[in-house]
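Fold and geometry: a report
This is what each chain is made of:
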Amino acid sequence: MVIEEANEATGTGGMGIDVLFYPSSVAVIGATPKPGHVGYVIMSNLLSKFKGKVILVNPRYDSINGVKCYKSITEVNDEVDLAVVAVPAPVVPQVTADAVKKGVKALIIISGGFSEVGEEGRKLEDEVRAIVKNTPVRVLGPNCIGVYNADNGFDTFFLPEDRMGRPPNGPIALISQSGAVAAAILDWASRRRLGIGLAVNYGNKLDVNESELLEYLANNRNVKVITIYMEGLKYPGEGLRFLETARKVTQMKPVIVYKAGRTKASAGAVASHTAALAGDYEIYRGAFRQAGLIEANSVREMFDLAKALATQPLPRGRRVLVLTDSGGMGIQAVDTLSTLGLEVPELPETIQSMLRKFLPPLAIVRNPVDVTGSATDEYYKIVLDSILPTSYVDMALIVALMQIPGLTPNLVNYIIDAKRYGKPMVVVSFGGSAMMEKFNEALENNGIPVYATPDRGARALWALVEYSMIKKMLREEVE
């Protein structure tokens, strides 16, 4: 059931999941003054960035770096919304019992050494499960790195910022079965200023699973696109629940999934990683298709698609204007677009005739429109203003190689101005100059996604068409 009740601050609610992302007070159980230790990094992150109250818990210390430290969470007088647990696995059951006694609403168990390591760890996991059973306490993990929230500074990812950059706040959310992959994604995204506002790694999913997180994020008004890194499902019935949840969520917002563990050779690695089952990839593919999920073929592609879906309107059809200053790049774009089932229609003679009057003699005006190495900013403006307002195309792939001397940074303004036509646009910009970097950054900052190669830009447009078709299909099924 998709959540109806709304939380005033976040536009979310229900299931006790909200507190995992928006706690008011957090206890770090296992806080330590020892740099490099997990408890130290989590403590330092929260004390420096989190907008709520941070409480330190460790029986070995009276204070840590000048901050009072409690022997047990049960000694804390104030209310504690959430506890982050970073202690050895054998201690986790007792810590969990203390947290339940204290009345915490949720636990994020960072500690590893549970079902992912074998039978003894599975027994410990079952012990923790029994402690929280029949209580309102929600548990994320164990064997996870938890939650990153760029909005309120709640960050349990235990990698120092000099090792793992934190991306800026933005409309993309990430659900990751792997903690290391989640950390690498955030670091990669931060270097590219890609706005991932919320990220969560759920590890062994003793309690909270991907279906609940997906449902939660569907109701968070700050999230426009949900991305999922998945290795495999773990318990009987999970597949059906995930399928049913995804079908509801994809009617609300796009969900992109990258499924790792596609081959028999990788199945054993998946099982030893998070105690999940890789399963038959073809079954997953079929389920994703039925649920309206958009499948990516790599982590990079997942975010290529996500930034287009987060910033661009959905197209009315599949016809693409390809505007380029490089014939070779234009050909590459057409190849990929055609392979993906998109169309690059030849423009009517009336449009071609008009363009010939304003473009250089060697320009090709059929579509792709190639303004050649003689390109200027104004040529791009003429083409965009002449074609995008018409009914002949539904979207545009713009190749702008800034090495050409006639192009200046002002081209950004002409492309941004073309947003007024209400059609999706992506830009392909390839190279490494400082001017190109500024050009790309200005476009991205104004909600126009930029890609290094034509195939990536084409794939992003495909995702827009695909989600448009998914929404239509699901709407017709409901009717």
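Look above for the structure.
So, here's what we can say about the structure. Keep in mind that this is a model prediction, so the values were computed, not measured. (Residues numbered from 1 in each chain as written. Predicted model: local features only at pLDDT ≥ 70, side-chain atom pairs only at ≥ 80, totals over all residues. Heavy atoms only, no water.)

1. Focus: the overall build of the protein chain
Threshold: The secondary structure listing takes helices from DSSP runs of H or I that are at least 4 residues long and strands from runs of E that are at least 2 residues long, numbered from the N terminus. Radius of gyration: C-alpha atoms only; globule rule: 2.2 Å multiplied by the number of residues to the exponent 0.38. In what follows, a contact means two residues having at least one pair of non-hydrogen atoms within 4.5 Å. Using the Shrake-Rupley algorithm and a 1.4 Å probe, accessible areas are obtained, with residue cover drawn only from the displayed protein chains. Residues counted as positive are Lys and Arg, residues counted as negative are Asp and Glu, and His and the chain ends are not counted. To locate a charge, take NZ of a lysine, CZ of an arginine, CG of an aspartate or CD of a glutamate.
Across its full length, the protein chain holds 16 helices and 19 strands. The C-alpha atoms of the protein chain give a radius of gyration of 25 Å, which matches the 23 Å a tight globule of 479 residues would have. Counting only C-alpha atoms and orienting by the principal axes, one finds that the protein chain spans roughly 80 × 50 × 45 Å. Intrachain contacts of the protein chain at a sequence separation of at least 6 include 75% that bridge at least 24 residues. A total of about 19,800 Å² of accessible surface is found on the protein chain, and carbon and sulfur atoms cover 52% of it. The averaged location of the 52 negative side-chain charges in the protein chain is 1 Å from the averaged location of its 51 positive side-chain charges.

2. Points about the pairing of strand β6 (residues 106-109)
Note the cut-off: Residue burial is assigned from relative accessible area. The probe radius is 1.4 Å, only protein chains are included, and a residue is buried under 20% of its type maximum, exposed over 50%, and partly exposed in between. Whether two strands pair depends on DSSP finding at least two bridges between them.
Burial of β6 is two-sided: the residues A106 and I108 facing one way and the residues L107 and I109 facing the other way are all buried. For strand β5 (residues 82-85) and β6, the ladder comprises four bridges, and the chain directions are parallel. Across the sheet, residue L82 finds its bridge partner in β6, namely A106. Here β6 runs beside strand β7 (residues 138-140); their pairing, made up of three bridges, is parallel. From the neighbouring strand, L107 faces β7, where its bridge partner is V139.

3. A word on the side chain of N152
Applied cut-off: Counting of polar contacts relies on pairs of N or O atoms within 3.5 Å, with two restrictions inside protein: one atom must be capable of donating a hydrogen and the other of accepting it, and residues adjacent in sequence are counted only when both atoms are side-chain atoms.
With respect to the secondary-structure elements, N152 resides in the loop between β8 (146-149) and β9 (154-155). Among the polar contacts listed, one links the side chain of N152 to the side chain of N149, at a separation of 3.3 Å. Excluding anything up to four places from it in sequence, N152 contacts F21, Y22, P23, K49, F50 and K51.

4. Thoughts on the sheet that holds strand β17 (residues 395-399)
With respect to topology, five strands assemble into an open sheet ordered β16-β15-β17-β18-β19, the strand pairing being parallel. The sheet is open, and its two edges are formed by β16 (369-370) and β19 (450-451), each paired on a single side. Note that β17 and strand β18 (residues 425-428) share four bridges and pair parallel. Among the inter-strand pairings, A396 is bridged to a residue of β18, identified as M425.

5. So, the environment of Y258
Tracing the backbone shows Y258 in strand β13 (residues 255-259). In this structure, the C-alpha to C-alpha distance between Y258 and E116, residues 142 residues apart in sequence, is 22 Å. Residues contacting Y258, with those up to four places away along its chain left out, are I228, Y229, M230, A296, N297, S298, V299 and M302.

6. Focus: the packing of helix α6 (residues 210-218) against helix α7 (residues 238-249)
Angle between the axes and distance between the axes: these two values describe a pair of packed helices. Basically, it comes down to this: Only C-alpha atoms enter the line fits that serve as axes; for helices the fit covers just the stretch in contact. Angles between N-to-C directions range over 0 to 180 degrees. In what follows, roughly perpendicular refers to angles from 65 to 115 degrees, roughly parallel to angles under 35, roughly antiparallel to angles over 145, and oblique to any angle outside these ranges. Residue polarity is assigned by list, with Asp, Glu, Lys and Arg as charged and Ala, Val, Leu, Ile, Met, Phe, Trp, Tyr, Cys and Pro as nonpolar; anything else, Gly included, falls into the polar class.
Running from N to C, α6 and α7 point in directions that differ by 10°, and their axes come no closer than 9 Å. By the angle class used here, α6 and α7 are roughly parallel. For the pair formed by α6 and α7, the contact residues are E210, S211, E212, L214, E215 and A218 on the first element and E238, R241, F242, T245, A246 and V249 on the second. Across the contact of α6 with α7, the residue classes tally to five nonpolar, two polar and five charged.

7. Observations regarding the pairing of strand β12 (residues 225-230)
With six of its six residues buried, β12 lies for the most part within the structure. Of the two faces of β12, the one carrying V225, T227 and Y229 and the one carrying I226, I228 and M230 are both buried. Where strand β10 (residues 172-176) meets β12, five bridges bridge the pair, whose relative direction is parallel. Among the inter-strand pairings, A173 is bridged to a residue of β12, identified as I226. Pairing geometry for β12 and β13, over five bridges, is parallel.

8. Digging into the packing of helix α3 (residues 92-102) against helix α4 (residues 119-132)
Between α3 and α4, whose axes approach to 9 Å, the crossing angle comes to 10°. As summarised for this structure, α3 and α4 are arranged roughly parallel, according to the angle between their axes. For the pair α3 and α4, contact is made by V92, P93, T96, A97 and V100 and by L124, E127, V128, I131 and V132, respectively. Within the contact of α3 with α4, the residues separate by chemical class into eight nonpolar, one polar and one charged.

9. Some words on the layout of surface pockets
Cut-off, in case you're wondering: Cavity: a set of points on a 1 Å grid over the protein atoms alone where a 1.4 Å probe fits but cannot get out. Pocket: an open set with protein on both sides within 12 Å along at least five of seven lines, its lining residues, like those of a cavity, having an atom within 4 Å of a point. Grid points are joined across faces, edges and corners, and a volume is the space filled by probe spheres set on the points.
Computed from the structure, the largest pocket encloses a volume of approximately 870 Å³. Contributing to the lining of the largest pocket are 32 residues, with R192, R193, L194, K307 and E444 lying nearest its centre. Secondary structure elements with two or more residues in the lining of the largest pocket: α5 (179-191), α10 (299-311), α15 (434-445) and β19. In terms of residue class, the lining of the largest pocket is built from 14 nonpolar, eight polar and 10 charged. Put simply, the second largest pocket is a space of about 540 Å³. What lines the second largest pocket is a set of 26 residues, and nearest its centre among them are G30, N58, A86, V87 and P88. Those elements that place two or more of their residues in the lining of the second largest pocket are α2 (38-49) and α3.

10. Some thoughts on the packing of aromatic side chains
Two measures describe an aromatic ring pair: the distance that separates the ring centres and the angle between the ring planes. Heads up, the rule is: Ring pairs are drawn from Phe, Tyr and Trp, using the six-membered ring of Trp, whenever the two centres fall within 6.5 Å, and their geometry is named by plane angle: stacked under 30 degrees, edge-to-face over 60, tilted for the rest. To sit over a ring, a charge needs its Lys NZ or Arg CZ within 6 Å of the ring centre and within 35 degrees of the ring normal.
Scanning the entire structure with this criterion turns up six aromatic pairs. Centroid distance Y229 to Y258: 6.0 Å. Interplanar angle 45°. Geometry classified as tilted. Here the residue Y229 occupies a position in strand β12, and Y258 occupies one in strand β13, the gap between them amounting to 29 residues. By relative accessible area, Y258 is classed as buried at 18%. Plain terms: the ring middles of Y284 and F288 are 6.1 Å apart, the flat faces sit at 55° to each other, and that makes the pair tilted. With Y284 and F288 both in helix α9 (residues 281-291), this residue pair falls four residues apart, about one helical turn. Directly above the ring of Y70 sits K68, whose terminal nitrogen or CZ lies 4.8 Å from the centroid. Against the face of Y284 rests K259, its NZ or CZ located 4.6 Å from the ring centre.

11. What about the pattern of salt bridges?
The test is simple: A pairing counts as a salt bridge when a side-chain nitrogen of Lys or Arg comes within 4 Å of a carboxyl oxygen of Asp or Glu.
All chains considered together, the criterion is met by 25 salt bridges. For the salt bridge of D78 with K53, the shortest nitrogen-to-oxygen distance reads 2.2 Å. Residue D78 is found in the loop between β4 (67-70) and β5, and its partner K53 is found in strand β2 (residues 53-57); the two are separated by 25 residues along the sequence. In this structure, R122 and E119 form a salt bridge, with 3.1 Å as the shortest nitrogen-oxygen distance. Taken as a pair, R122 and E119 lie in helix α4 at a separation of three residues, close to a single helical turn. According to the relative accessible area criterion, E119 is partly exposed, its value standing at 48%. Beyond isolated ion pairs, a larger network of salt bridges with shared partners links K49, D155, E161 and R166.

Keep in mind that these numbers describe shape and distance, not what the molecule does.
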